[in-house]
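Examination of the molecular architecture
As a plain string of letters, each chain reads:
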Amino acid sequence: MYLLFPDYMKLMFRKLFITFIILSFSNSVFSINRIASAIDKQIYGNYITEGDLIIDSPTKIYGENREVIYYFMQKQWPLIREGATIWFDGDKLGYLSMIKFCNTADEQKPWHISSATFRNIPGTRVMTKQFVCQGLKNIEVNGESPSFPGLSKWPETRKFLTGSFGFHVIAKIFQGHNYGISVLDGGTIKLRGIESQHGFTAIRINGGNRDLTVESIEITNFYIHDTGDGEGMYLGATHAPPLAKIKNLKIYNGIITRTAAEALQLQHLIGGADIHHVTIRAADVRWRNEFRAGQDTGIQWSVDAGDNKLHHIILDGYGSVGLVPFGSNVMPIGGTSRVSNVLFSNGLDIGVYLHNSGKFGIEWQFDSLYFRRFSTERSYYQNTGRPERKYMISRRHGKDKYSFKNIVHDGTRPSVFEKNDSIEVRNVKQKELPAPSYVNSGFHESPSRIKQWYPHYAGFFPASRSGKVKIASDWEEGDIAIETEKEYAFYKCIATHFATEERPSQSKNFVKLTWDENGVRSDQPTWVSELKQSNFPPDDLRLEDNCYWNKLKLGFNPDLFNQVN
């Protein structure tokens, strides 16, 4: 019968057959990603602009891995418009193993356009193990939408923070950098509406060996939690020049909790930095077995030049030092670094360490700092071999000018300053300072008791006999151990002991913790076992209305979200 059809009908049938085959396999083999047209505006809405890029299919599927990877952007997408929005349909894409957009492996090889914005199709959530973009001059990643407002709105029905952001990177526990972004010289970066979970580092920006300046970075409405090895944010680099310098860094209105190493590592700031209204809880949970010596501070604040500010921060739980201000000779042209309205709470060691790199002409001003509940456990010093420090702020190790005023402490250390004869000090007073009280962090213990489980302290402990002695980790009843093998989970110690090679998931000395769908933990009397359980805590780190620190407007506060900029 087919042979009896006219030639034009044969051609029509052939085209229909080919179209059917393509559509049949489009979700498994073929990509239907495309430059947006008028038809896409009809499908999705008027927020689509012709010349945008629609990503709704993986470029490759192998086994359980689904990825969207594009190299050679000019060749792949020659018709993408300047300033385009690259839209991701999270529902159609599913959980991806990688999103990567670049020109070549060289992170400084530019695209044929200079600016682009990455967004989730409203109503969908983009989930991937890694997000990488390099070669643009200006990049924005925006995961805010009415269905996924992140921190910008807090619905009454929300019990858990996770899953509330339009971009959600859920990496392997010990994977690389979750959001890996590099821009060209003079470039800008904006990140908002993002969640980052696990991985080595949550956000890594311009860490390469290039002499360049990032003109501005803005990061807001973010939730970073449970990194496996490293930092919450690592911006710039600590290696020798050439390296990136950062101007006009804005980080505000966000939550960082349970980072393995520093919550914030901010390098080579050269003016215009303004970091404020961030709540950090339980930084340095891998301090006992940190991946490298010294990776157990709360915030590293490296200032090269210009005027820079860090203020209205809650740092609740950290390792050796809360804040280390660094100087450098990359651009030694002076300036003022102001740190004010910061709470240092539940630290294992001291609050501020005045590093010997502070000698290149920066004036450091500290105002309205609060110090409470430093650890009094001698095991920290005994097991690390570090000298016991009975103060909150170290002596000046560099030559820069330092001034401290309006310092409030609770007297949990014998003295505030190690030595202050070369520091300007005014108005220091002692008073009882309450703990931050959150709506529902999911934990009832001090954040200093939350730590990754390892059988031994790191090989470079004790400090005086590095690598020569293995010290078993000690666990007290009530400590919270984070299990990182196979699954990431929380266990409560129910019997004081020294660790063996038996992990918490196998040990009678620990019980696993879960949280029911109302956010109640499994060891609490109101917990309901029949409800759906989560291995992760609620992390509702909003301060309670009557909290002392809320009255001082420290830390993340949803009421300030659209007011503070």
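The shown structure was predicted, so the numbers you read here are calculated from the model rather than taken from an experiment.

**Details of the pattern of salt bridges**
Evaluation of the coordinates by the stated rule reveals 29 salt bridges. The partner of Asp106 in a salt bridge is Arg210, with the nearest N and O atoms 2.9 Å apart. Of this pair, Asp106 sits in the loop between strand 7 (98-101) and strand 8 (115-120) while Arg210 sits in the loop between strand 13 (201-205) and strand 14 (212-214), placing them 104 residues apart in sequence. For Asp106, a relative accessible area of 33% translates into the label partly exposed. Close ionic contact of Asp296 with Arg386 constitutes a salt bridge, the shortest N to O distance being 2.9 Å. Placement of Asp296 in the loop between strand 20 (274-281) and strand 21 (297-303) and of Arg386 in the loop between helix 5 (379-384) and strand 27 (401-409) is noted, with a sequence separation of 90 residues between them. Each member of the pair Asp296 and Arg386 is classed as buried. A cluster of three or more residues bridged by salt bridges with shared partners is formed by Glu445, Lys492, Arg521 and Asp523.

**Here we look at the sheet that holds strand 33 (residues 489-493)**
Taken in spatial order, the four strands of this open sheet run 30-32-33-35, and their pairing is mixed. The two strands at the open ends of the sheet, each matched to only one other strand, are strand 30 (450-452) and strand 35 (510-513). The average angle at which neighbouring strand axes cross in this sheet is 35°, direction not considered. Strand direction decides the pairing type here: strand 33 and strand 35, joined by four bridges, are antiparallel. The partner of Tyr491 across the bridge, within strand 35, is Lys512.

**Overview of the nonpolar core**
Phe101, Phe118 and Trp301 are the most contacted members of the largest nonpolar core, which totals 84 residues. Per element, the largest residue contribution to this core is six residues, and it comes from strand 12 (residues 177-197). In terms of nonpolar packing, the next biggest core, distinct from the first, is built from 19 residues, Leu161, Leu343, Val408 and Phe561 among them.

**Things to note about the environment of Ile362**
If you trace the backbone, Ile362 turns up in strand 26 (residues 362-372). Using a relative accessible area of 3% as the deciding quantity, one classes Ile362 as buried. C-alpha separation for the pair Ile362 and Gly334, spaced 28 residues apart in sequence, amounts to 4.8 Å. For Ile362, the contacting residues outside a window of four places in its chain are Val303, Asp304, Ala305, Gly334, Gly335, Ser337, Asp400 and Lys401.

Calculation rules
By convention here, each chain's residues receive numbers from 1 onward along its written sequence. For a predicted model such as this one, the threshold for reporting local features is a pLDDT of at least 70, and the threshold for listing and counting side-chain atom pairs is 80 or more; totals across whole chains, interfaces and linings nevertheless cover every residue. Side-chain numbers here rest on the full set of heavy atoms in the structure, without hydrogens or water. Any Lys or Arg side-chain nitrogen found within 4 Å of a carboxyl oxygen on Asp or Glu counts as a salt bridge. We count a stretch as a helix when DSSP gives it H or I for four or more residues in a row; a strand needs E for two or more, and each element gets its number in order from the N terminus. Exposure is judged per residue with a 1.4 Å probe applied to protein chains only, and the accessible area is read against the type maximum: over 50% gives exposed, under 20% gives buried, and values in between give partly exposed. We call two strands paired when DSSP finds no fewer than two bridges between them. For helices, the fitted axis covers only the stretch in contact; all axes are lines through C-alpha atoms, and the angles between them, taken along N-to-C directions, range from 0 to 180 degrees. Residues belong to one nonpolar core when they are buried, are Ala, Val, Leu, Ile, Met, Phe, Trp, Tyr or Cys, and are joined through side-chain atoms within 4.5 Å. Whether two residues are in contact is decided by their heavy atoms: any pair within 4.5 Å suffices.

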